[in-house]
Amino acid sequence: MIQNYFLKRTVVTSFQKAESSSESEYVYDAGVYVLHMTSSQTAVASALSDRSIVSYDRETMQMKGVIPQAHKKQITDLTMLHDTTAVSSSEDGFVKLFDLRQNSASACCSCSLPKEEALSVSVGYDGALIAVGGNKGKLTFFDVRSSNSCQNVLGQYVDAHTLEVTKVRFMKENDRILASGSEDGLVCIYDTSQPAEESALRSILNVEAPLRNLNFFGPNNGGIVPGIWCLTGNETMSIWHWDAAQRMCDYGGDSIRHTLSSLVNQKCNTFGSIDYLVGCTWREQEQQLSLLAGSSSGNAGIFDVSNDGTFPTMSILSKGHMGCIRSYCWRQETTGLSNIYTGGEDARICEWSLQSPKESVTSSHYYQNHVDKRRV
C-alpha cells in the first residue's frame, strides 16, 4: 500500500557558500546545509551549517527571524522549549536558549559544559531541566528556570557510557524518564527523579553499534510508552522494550537499505536507492511507528514499521530536494492530516502534505537569504 505526499512549499534558507574554518573538522564547502529541525505550534526552526538558527511561521513558511552565529562551532542539536524558545547544543561546549521573538544573537540563557563538547540536548520536567550529552561520555543536567540557575551544573551521570553521548531524549509522555545513546553501542534509560545515578539507571540496551538517533514510541499507558527505536551509524535499525531491555525486532542489519530500496523501486522505478536512515516518528492518531529514509539524490521514503520486520505501507517524497536529507519534523494537524518538514544539504526546507495540490495552499517558494538578500 502506498500513500501520496505532495510538495506543498519549498524554502531556500540561504544562497551563501559556507566559509572555511580551521576551528572545526566539519566544513561544508559546497554551501549551507540544514542540519537540524524542530517545530512548535506556531514555528518551524532550523539550525544551519553556518551556525545560524532560522525560524519560519508554520502556517505560511514566511521567515520570522534569524539568529546569526548562534554558536562559535557547529550546532549539534536543536529542540524547542515551549512555543517560542529554541534550545541548541554545540561543539563549542555551550547549550543556549534563544527567544525566537527577539531575533537576537544574545541568548536568554547559556549553559556551559566543563571542557566538553555538547553533542545533544533534551528538555524535561515541563521545561525546567535540560539534559546534555557530551563527547566524554557524560550526561550533564542544568536547571533553566532562570538565567542565574542555568549557569551552574545541577548534576551529572558519569558511569554508564565510555564514549561520546550522541543522543539524549526525555520521554514526552513522562519527562522524568531519559534515554541516552552513545558511540559505545549502549542505550541507557534513567528515571531522573531518583537522587543518584545508580538508583536512576533503569535499563541498559546493547545495540552493538554506535548510536546516531533514538526516541521513545508506543501507545501511552498511564504516562509510560513501552518502546524505543534506535538508528546507528552503520545504518541499522532496531526497536526495543526499554523497561525489560529486550529487543523486539532487528530490521535485517545493514541489509535494511536494500530491502527499502526494493520496496520503493517496485512503486517508482526512477527513485534510486535508499542510502541512509534519517529518523522515526510515532503517529499517535494512527498508533503507528514510521521511518524516514532517503537517497543521495534527495528523494525520500516513509515506511510504516511493524514489529515482525516488515514495512506494510510506504509513502514517497520526490522532486523536493537536490541533496541528502539531514533532518525532519512531523506535525499532526487538527484536521487529522500530517504535514512533514524536511531539511537537507541543498539548503532547502520542504513542506509535504497528504492533501493534493488542488486541495492545499498554492505551492510557493520563499527564497530567503538572511545573509545578503541582493545575492543571486
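Below is a short write-up of the structure. As the structure is a prediction and not an experimental result, all values here were calculated from the model. (Residues numbered from 1 in each chain as written. Predicted model: local features only at pLDDT ≥ 70, side-chain atom pairs only at ≥ 80, totals over all residues. Heavy atoms only, no water.)

1. Section: the overall build of the protein chain
Moving on, step 1. Across its full length, the protein chain carries 2 helices and 30 strands.
Moving on, step 2. In the protein chain, buried positions account for 57% of the 376 residues.
Moving on, step 3. Across the protein chain, contacts joining residues at least 24 apart in sequence account for 48% of those joining residues at least 6 apart. (Helix = DSSP H or I, 4+ residues; strand = E, 2+ residues; numbered from the N terminus. Buried < 20%, exposed > 50% of the residue type's maximum accessible area, 1.4 Å probe, protein only. Contact = heavy atoms within 4.5 Å.)

2. What about the state of the cysteines?
Moving on, step 1. Going through the model one piece at a time under the given rule, you end up with 1 disulfide.
Moving on, step 2. Disulfide pairing places C109 opposite C150 at an S-S distance of 2.1 Å. Here C150 lies in the loop between β13 (139-143) and β14 (153-157) and C109 lies in strand β10 (residues 109-112), a separation of 41 residues in the sequence. When sorted by exposure, C109 lands in the same class as C150, which is buried.
Moving on, step 3. Unpaired in this structure, C280 has its nearest cysteine sulfur neighbour in C230, at a distance of 9.4 Å. (Disulfide = S-S within 2.5 Å.)

3. A word on the sheet that holds strand β7 (residues 75-81)
Moving on, step 1. Strand order in the open sheet formed by 4 strands is β7-β8-β9-β10, with antiparallel pairing between adjacent strands. Sheet topology places β7 and β10 at the edges, where each strand pairs with a single neighbour. Strand after strand, the sheet turns through a mean of 15° between neighbouring axes, direction not considered. (Pairing = 2+ DSSP bridges. Axes fitted to C-alpha atoms, helices over the stretch in contact; angles between N-to-C directions.)

4. Describing the sheet that holds β13
Moving on, step 1. Taken together, 4 strands build an open sheet; the order of strands is β11-β12-β13-β14 and the sheet is antiparallel. Because the sheet does not close on itself, it has two edges, and the strands there are β11 (118-124) and β14. In this sheet, adjacent strand axes meet at a mean angle of 25° when their direction is disregarded.

5. Observations regarding the pairing of strand β25 (residues 300-305)
Moving on, step 1. Among the 6 residues that make up β25, 6 are buried, leaving the element largely enclosed by the rest of the structure.
Moving on, step 2. When strand β24 (residues 288-294) meets β25, the two strands line up antiparallel, connected through 6 bridges. In the sheet register, L291 faces β25, and the bridge partner there is F303.
Moving on, step 3. Between the antiparallel neighbours β24 and β25 lie 5 residues, among them G298 with a positive phi of about 110°.

6. Re the nonpolar core
Moving on, step 1. By size, the foremost hydrophobic cluster in this structure holds 23 residues, and its most contacted members are M237, L260, L289 and L291.
Moving on, step 2. Elements that contribute at least two residues to this core include exactly β20 (227-232), β21 (237-241), α2 (256-267), β23 (276-283), β24, β25 and β26 (314-317).
Moving on, step 3. Apart from residues lying up to four places away in sequence, L260 is in contact with I274, L277, L291, A293, F303 and F311. (Core = buried A, V, L, I, M, F, W, Y, C linked by side-chain atoms within 4.5 Å.)

7. Description of the packing of aromatic side chains
Moving on, step 1. All told, the structure shown has 6 aromatic pairs when counted by the stated rule.
Moving on, step 2. When the centroid spacing of 5.9 Å and the interplanar angle of 45° are considered together, the rings of F217 and W282 count as tilted. Residue F217 is found in strand β19 (residues 211-217), and its partner W282 is found in strand β23; the two are separated by 65 residues along the sequence.
Moving on, step 3. The exposure class assigned to F217 is buried, which follows from its relative accessible area of 9%.
Moving on, step 4. Taken together, the ring pairs connect F141, Y157 and Y190 into an aromatic cluster.
Moving on, step 5. Looking at K96, its charged tip hangs above the ring of F94, at a distance of 5.8 Å from the centre. (Phe/Tyr/Trp six-rings, centres within 6.5 Å; stacked < 30°, edge-to-face > 60°. Lys NZ or Arg CZ within 6 Å of the ring centre and 35° of its normal.)

8. As for the pairing of β10
Moving on, step 1. Residue alternation in β10 divides its side chains into a buried set, C109 and C111, and an unburied set, S110 and S112.
Moving on, step 2. Pairing of strand β9 (residues 94-99) with β10, which is carried by 4 bridges, proceeds in the antiparallel orientation. Across the sheet, L97 pairs through a bridge with C109, a residue of β10.

9. Here we look at unusual backbone geometry
Moving on, step 1. Not every positive phi belongs to a glycine, and M61 is a case in point at roughly 60°.
Moving on, step 2. Tracing the backbone through its elements, the reader meets M61 in the loop between β5 (53-57) and β6 (63-67).
Moving on, step 3. Given the relative accessible area of 1%, M61 is considered buried.
Moving on, step 4. The phi dihedral of A245 is positive, around 55°, even though this residue is not glycine.
Moving on, step 5. Of note, A245 is situated in the loop between β21 and β22 (246-250).
Moving on, step 6. The exposure class assigned to A245 is partly exposed, which follows from its relative accessible area of 30%.

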